[in-house]
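What follows is each chain in one-letter form.
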Amino acid sequence: MKLWLDGGLQDIEAARVSVFDHGLTVGDGIFETVKAADGKPFALTRHLDRLTRSARGLGLPDPDHDEVRRACAAVLEANPMPLGRLRITYTGGHGPLGSDRGEHGPTLVVALGETSRRPDSTAVVTVPWTRNERGALTGLKTTSYAENVVALACARQQGASEALFGNTVGQLCEGTGSNVFVVLDGEIHTPPLASGCLAGITRALTIEWTGAKETDLPLEVLQRADEIFLTSTLRDVQAVHRVDDRILSGAPGPVTAKAMRIFDERSRADVDPIGN
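Residues numbered from 1 in each chain as written. Predicted model: local features only at pLDDT ≥ 70, side-chain atom pairs only at ≥ 80, totals over all residues. Heavy atoms only, no water.

Trainee: Would you take a moment to explain the nonpolar core for this structure?
Mentor: Burial of nonpolar side chains together is a common tendency in soluble globular proteins. Core analysis: the biggest nonpolar cluster contains 24 residues, and Trp4, Ile30, Cys72, Leu86, Ile88, Leu108 and Val110 have the highest contact counts within it. Of all the secondary-structure elements, those providing two or more residues to this core are strand S3 (29-37), helix H2 (44-58), helix H3 (65-78), strand S5 (83-91) and strand S6 (107-114). Of all the elements, H3 adds the most residues to this core, at 6 residues. Leave out the neighbours within four places in its chain, and Leu86 touches Glu32, Thr33, Val34, Pro41, Cys72, Val75, Leu76, Val110, Ala111 and Leu112. Counting 17 residues, the second largest nonpolar core, distinct from the first, contains Val183, Ile188, Ile201 and Leu205. (Core = buried A, V, L, I, M, F, W, Y, C linked by side-chain atoms within 4.5 Å. Buried < 20%, exposed > 50% of the residue type's maximum accessible area, 1.4 Å probe, protein only. Helix = DSSP H or I, 4+ residues; strand = E, 2+ residues; numbered from the N terminus. Contact = heavy atoms within 4.5 Å.)

The structure is reproduced here in structure tokens:
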């Protein structure tokens, strides 16, 4: 296996990032996960645009999109696989043992791991912790992921693949690595970005392609929604058959099944949908 680091491909066993890298010491970094099928990344332009938005939100220099594209292409060519998780990591670089940044410039790593297609439905749980919709990192895809690690471990202990958060005012927000949609009276709804959720790439495409509405939703909506589904880079659109102790029999339901079909067809037809 080879990855991209310091401007070129390196063997995974030999590649090293400084122990003083700010991404390691204080979580000062951002990342993107891109689905790659048969060596072709999906929605890479949208992912790079979000990478830049996250960089600006964190005060990092804008990433060089041409370099990142070269890195992605090189890593995909060097590691052929049918379905892969392409991970782009961009950090504050070598810095002091504190919150101040150093002067060495950012670190860029692009790596690839093999994955498999997700099942059509899954179980989720709600967790007692909240997303802060007014936080400094709200809406940014940063490497400060410890909150998600704790919540996902809690979900795994309960036989679920995802944990769902409310925000500080009791509204439904998002999962640890996914966005959440609910079906109410035949209509698809998802929390707005103001709820504190990440502007997911798959979320945006699902809204565009299905006409889903952005709606403020109480966390309790999960106990009465007709259908529930998740979206993320590697899940695409995935139905929920259990939320906490509630069983949603027959998942995926008809509205979710249609959304799954639409997403599959549209994403196959255009591997880099950049929108209007």
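Next comes the rest of the account.
Trainee: What is the right way to read the sheet that holds strand S2 (residues 8-11) from this model?
Mentor: Either a parallel or an antiparallel arrangement is found when strands of a sheet pair, and the pairing is made through backbone hydrogen bonds. Strand order in the open sheet formed by 6 strands is S2-S1-S6-S5-S3-S4, with antiparallel pairing between adjacent strands. Strands with a single pairing partner mark the edges of an open sheet, and in this sheet they are S2 and strand S4 (40-41). Where S3 lies against S5, 9 bridges are found, and the strand directions are antiparallel. Directly across from Phe31, in S5, lies its bridge partner Thr89. Here H2 sits on the sheet and contacts S3, S4 and S5; the angle it forms with S3, its principal contact strand, is near 175°. (Pairing = 2+ DSSP bridges. Axes fitted to C-alpha atoms, helices over the stretch in contact; angles between N-to-C directions.)

Trainee: Would you explain the pairing of strand S13 (residues 227-232) in this entry?
Mentor: The side chains of a regular strand alternate, residue by residue, between the two faces of the sheet. Of all 6 residues in S13, 6 are buried, a share of seventy percent or more. On S13, burial covers both faces: Glu227, Phe229 and Thr231 on one face and Ile228, Leu230 and Ser232 on the other are all buried. Taken together, the 5 bridges between strand S10 (residues 179-184) and S13 define a ladder with antiparallel strand orientation. From the neighbouring strand, Val182 faces S13, where its bridge partner is Ile228. Where S13 meets strand S14 (residues 236-243), 4 bridges bridge the pair, whose relative direction is antiparallel. The residue of S14 that forms the bridge with Phe229 is Ala239.

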